[in-house]
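# Structural description and commentary
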Amino acid sequence: MIRFADRSEDWGVGFVHADGHSGRRYIVETVTSGVATFDYDGDGRIDVFLGNGADLPGAASSEWPRDALARNLGGFRFEDVAAAAGVDDDGFTVGMTAADYDNDGFQDLYLSRFGPNRLFRNLGDGTFADVTDEAGVGRGHKLGAGVTFVDVDADGDLDLFVANYVRFTFAEHVVIREDGIDRYAGPRSYPMDTHQLFLNDGDGSFWDGSETSGVAAHPGSGMGVVAADFDGDGDADLFVLNDVHRNFLLQNDGRGHFTEVGMKAGCAFNGTGDELGSMGVDAGDYDGDGQTDCVVTTYEGESPVLFRNDGGFFEDVTSATGAGNGLVPHVTWGVGLIDFDNDGWRDLYYACGHLQDSVDSPGRPTAYRVRDHLLWNAAGRFREVPPEPAGLDAVASSRGAAFDDLDDDGRMDVVVLNARDRPTVLRNVSAHAGRWLGVLLIGTRGSRDAIGAKVWVEAAGRRWFAEVLNGRGYQGHFGRRLHFGLGDAPREVRLEVKWLGGETTVIETVSCDRVVTVVEPLPGVSMATGVPR
């Protein structure tokens, strides 16, 4: 059975989220923030970045809110090193992602904000430098959303897709009054904004290719975004969520030119044709058929949606699989398709909480602060996991969530950013978990992060699949190191990697219950070596 131990009190970081609220109800307060997990200092342990808001007009915090970088010390202990590292940003952060955009071996950090975005280059000595201006990725004063690094044109350099929410200014602020109560306005009260694509020149700078790529032709009210090869043609497509507007599937022609095919592909709306208050998105193979499926979180009164991928066409299988069980009353945000008990099937974790802080009323089935939800995957069908036995005791208004093995024990842990509160930090202590394998890919001919590479693990007639993704969940990032739950697989498995350029690496025998690093072979070398860490 899946079980977590709540370590929120003693994980070592005193971060408390702020959204700048003062009673004026600016829409920007509702969308902060995502959370990211990545190894910023190269010590092999996964660190945590938490985005924070900032004081807005009318608010006056006793201490100005700042982002936090929780360095993993081992033993499930962390310390906030954001100030020392130079990333204790005091702007209004709504999302982020991390990747090695300059291929120097160190994970860089990009922040999506209300205001100019920020790119922090990792200097490799535990510190970062703000290179936003020289890189050309600040994108002006906008209200940001999900972001992802991805090589859209297969030139070996990571490009940057930036979703934007709506065109908001304080001068055009809208408040909705219902039943004598002021409430936050939704995205329909503001004009939609264009999403952006910055193309990497390979010299540390980017140029705005939004128009030439076709991305700018489709304005929306962006939220979460994930890039994957959804149609199996070898390049990265973009699934872009829009809040109370149709979702976009931007299909890549392999040269970085995109066609919007969401309606044709079946993922613009849910299965009954309703546009959704789409929030966060994760991608993964939930049913073991070797294709990348998607799960989308939504607003109160709407079920989250599980889209099953069938060769680039999507079917809403939420009802058939039970993937939305118990979630309709709640607003859902962060989400992960993660195998928590290593039985070989990806489970579903939903971060829940309302954005209207005045929603609580007797008899209403939801509230501003509620428990998160966990669904166990039983061979493609999902069952609700009772919160008390699972250790899901925290009651909060959750936003972003990230999932990684923070203590290197082979079980996936959870960090949830909660609005106006401390984060929820859950250590996975599930007993009798199955075998597992962690896979870290190092690219040599393309992006060093190997974003877009595909991995298959095979044992005893069964085959597991995953793709290296960037920017997942609700406007956050996690999972660069792939995690495979293998159930009762034998001690040794077969590993196959297909790199973004099309080359394949096969390792016939890999021992389980460890992390292996696979390096992309140079030209003329037929196979890479798996190196246990």
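Once a new chain begins, its residue numbering starts again from 1 and follows that chain's sequence as written. Selection of residues for local features in this predicted model requires a pLDDT of at least 70, selection of side-chain atom pairs for listing and counting requires 80 or more, and totals for whole chains, interfaces and linings are taken over all residues. Excluding hydrogens and water, the side-chain figures rest on all heavy atoms present in the structure.

Strands are runs of DSSP state E lasting at least two residues, helices are runs of H or I lasting at least four, and both sets are numbered from the N terminus onward. Along the backbone of the chain there are 6 helices and 38 strands. On C-alpha atoms alone, the chain measures out to a radius of gyration of 21 Å, which is about the 24 Å that the 2.2 N^0.38 rule sets for 533 residues. Its C-alpha atoms give the chain principal-axis dimensions of about 70 × 50 × 50 Å. Burial classes: relative accessible area under 20% of the type maximum marks a residue as buried, over 50% as exposed, and values in between as partly exposed (1.4 Å probe, protein chains only). Looking at the chain residue by residue over its 533 residues, the buried ones come to 61%. Accessible area for the chain stands at about 18300 Å²; split by element, carbon and sulfur atoms hold 47% of it. For a compact globule the rule gives 2.2 Å times the number of residues to the power 0.38, and the radius of gyration it is set against comes from C-alpha atoms. For every accessible area listed, the method is Shrake-Rupley and the probe measures 1.4 Å; residues are considered covered only by the protein chains on display.

With respect to the helices and strands, Gly44 occurs in the loop between β2 (35-38) and β3 (47-50). The spacing of Gly44 and His330 is 286 residues in sequence and 37 Å in space, taken between C-alpha atoms.

On to the nonpolar core, then. Ranked by size, the top nonpolar core spans 40 residues in total, and within it Val28, Leu143, Phe230 and Phe239 carry the most contacts. Listed by contribution, the elements that provide at least two residues to this core are β6 (92-99), β16 (222-228), β17 (237-242), β20 (281-284), β21 (293-296) and β22 (305-310). The element contributing the most residues to this core is β16, with 3 residues. Those residues in contact with Phe230 that sit more than four places away from it in its chain are Asp237, Phe239, Leu249, Ala283, Thr292, Cys294, Asn309, Gly311, Gly312 and Phe314. In this structure, Val439, Ala450, Leu486 and Trp499 belong to the second largest nonpolar core, which totals 39 residues. Nonpolar core, defined: a set of buried Ala, Val, Leu, Ile, Met, Phe, Trp, Tyr and Cys residues in which side-chain atoms within 4.5 Å join the residues together. Any two residues whose heavy atoms approach within 4.5 Å at even a single point are treated as in contact.

Whenever Lys or Arg places a side-chain nitrogen within 4 Å of a carboxyl oxygen from Asp or Glu, that contact is recorded as a salt bridge. All told, the structure shown has 37 salt bridges when counted by the stated rule. For Glu9, the salt bridge identified is with Arg422, shortest N-O distance 2.6 Å. With Glu9 in the loop between β1 (4-6) and β2 and Arg422 in the loop between β29 (413-418) and β30 (424-428), this pair connects stretches of sequence that are 413 residues apart. Residue Glu9 is classed as exposed on the basis of its relative accessible area of 65%. In this structure, Asp409 engages Arg411 in a salt bridge whose closest nitrogen and oxygen atoms are separated by 2.8 Å.

With that out of the way, let us pick up unusual backbone geometry. Cis peptide bonds are those with omega within 30 degrees of zero, and the linkage from Thr32 to Ser33 qualifies with 10°. For Ser33, the position within the fold is in the loop between β1 and β2. Positioned with a positive phi, Asn103 is a non-glycine residue whose angle comes to about 55°. Position of Asn103 among the secondary structure elements: in the loop between β6 and β7 (108-115). Residue Asn103 is classed as partly exposed on the basis of its relative accessible area of 31%. Even without glycine at this site, Asn342 takes up a positive phi of about 55°.

Attention now moves to the environment of Trp436. For Trp436, the location among the structural elements is in strand β31 (residues 435-442). On the basis of relative accessibility, which here comes to 11%, the residue Trp436 falls in the buried class. Setting aside its immediate chain neighbours within four residues, Trp436 contacts Asn342, Asp409, Gly410, His483, Phe484, Gly485, Leu486, Cys512, Asp513, Arg514 and Val515.

What follows covers the sheet that holds β22. Read from one edge of the open sheet, 4 strands run β20-β21-β22-β23, paired in antiparallel fashion. Across the chains shown, the open sheet's two edge strands, defined by having one partner strand only, are β20 and β23 (313-316). Strand-to-strand twist across the sheet, computed as the mean angle between neighbouring axes with direction ignored, equals 25°. Inspection of the sheet shows β21 paired to β22 by 3 bridges, in the antiparallel sense. By the bridge assignment, Val295 is partnered in β22 with Leu306. Any two strands with at least two DSSP bridges between them are considered paired. Axis definition: a line fitted to C-alpha atoms, over the contacting stretch in the case of helices. Angles run 0 to 180 degrees between N-to-C directions.

Domain start and stop points were drawn from an automatic or database domain assignment. Assigned domains of the chain: these are domain 1 (4-435) and domain 2 (436-519). Each of domain 1 and domain 2 has a C-alpha centre, and the two are 22 Å apart. Values labelled buried area give the accessible surface lost by two parts on being combined, using a 1.4 Å probe and summing over both. For the domain 1 and domain 2 pair, buried surface summed over both sides reaches about 3900 Å², with 47% attributable to carbon and sulfur atoms. Asp229 is the partner of Lys454 in a salt bridge, and the nearest nitrogen-oxygen pair spans 2.7 Å. Identification of polar contacts relies on pairs of N or O atoms within 3.5 Å, with a donor-acceptor requirement for protein atoms, meaning one able to donate a hydrogen and the other able to accept it, and with residues adjacent in sequence counted only if both atoms are side-chain atoms. Joining domain 1 to domain 2, the criterion identifies 29 residue pairs in polar contact (both at pLDDT 80 or more). When residues of the side of domain 1 that touches domain 2 are traced back to their parent elements, those giving at least two are β2, β6, β10 (142-150), β16, β20, β24 (332-338) and β28 (398-404). If one sorts the elements of the side of domain 1 that touches domain 2 by residue count, β16 sits on top with 7 residues. Split by residue class, the side of domain 1 that touches domain 2 holds 29 nonpolar, 28 polar and 14 charged. Throughout, the ten residues Ala, Val, Leu, Ile, Met, Phe, Trp, Tyr, Cys and Pro are labelled nonpolar, Asp, Glu, Lys and Arg are labelled charged, and all others, Gly among them, are labelled polar.

Quick look at the side chain of Asn117 now. Within the element layout of this structure, Asn117 appears in the loop between β7 and β8 (118-122). Take Asn117: its relative accessible area is 0%, and that puts it in the buried class.

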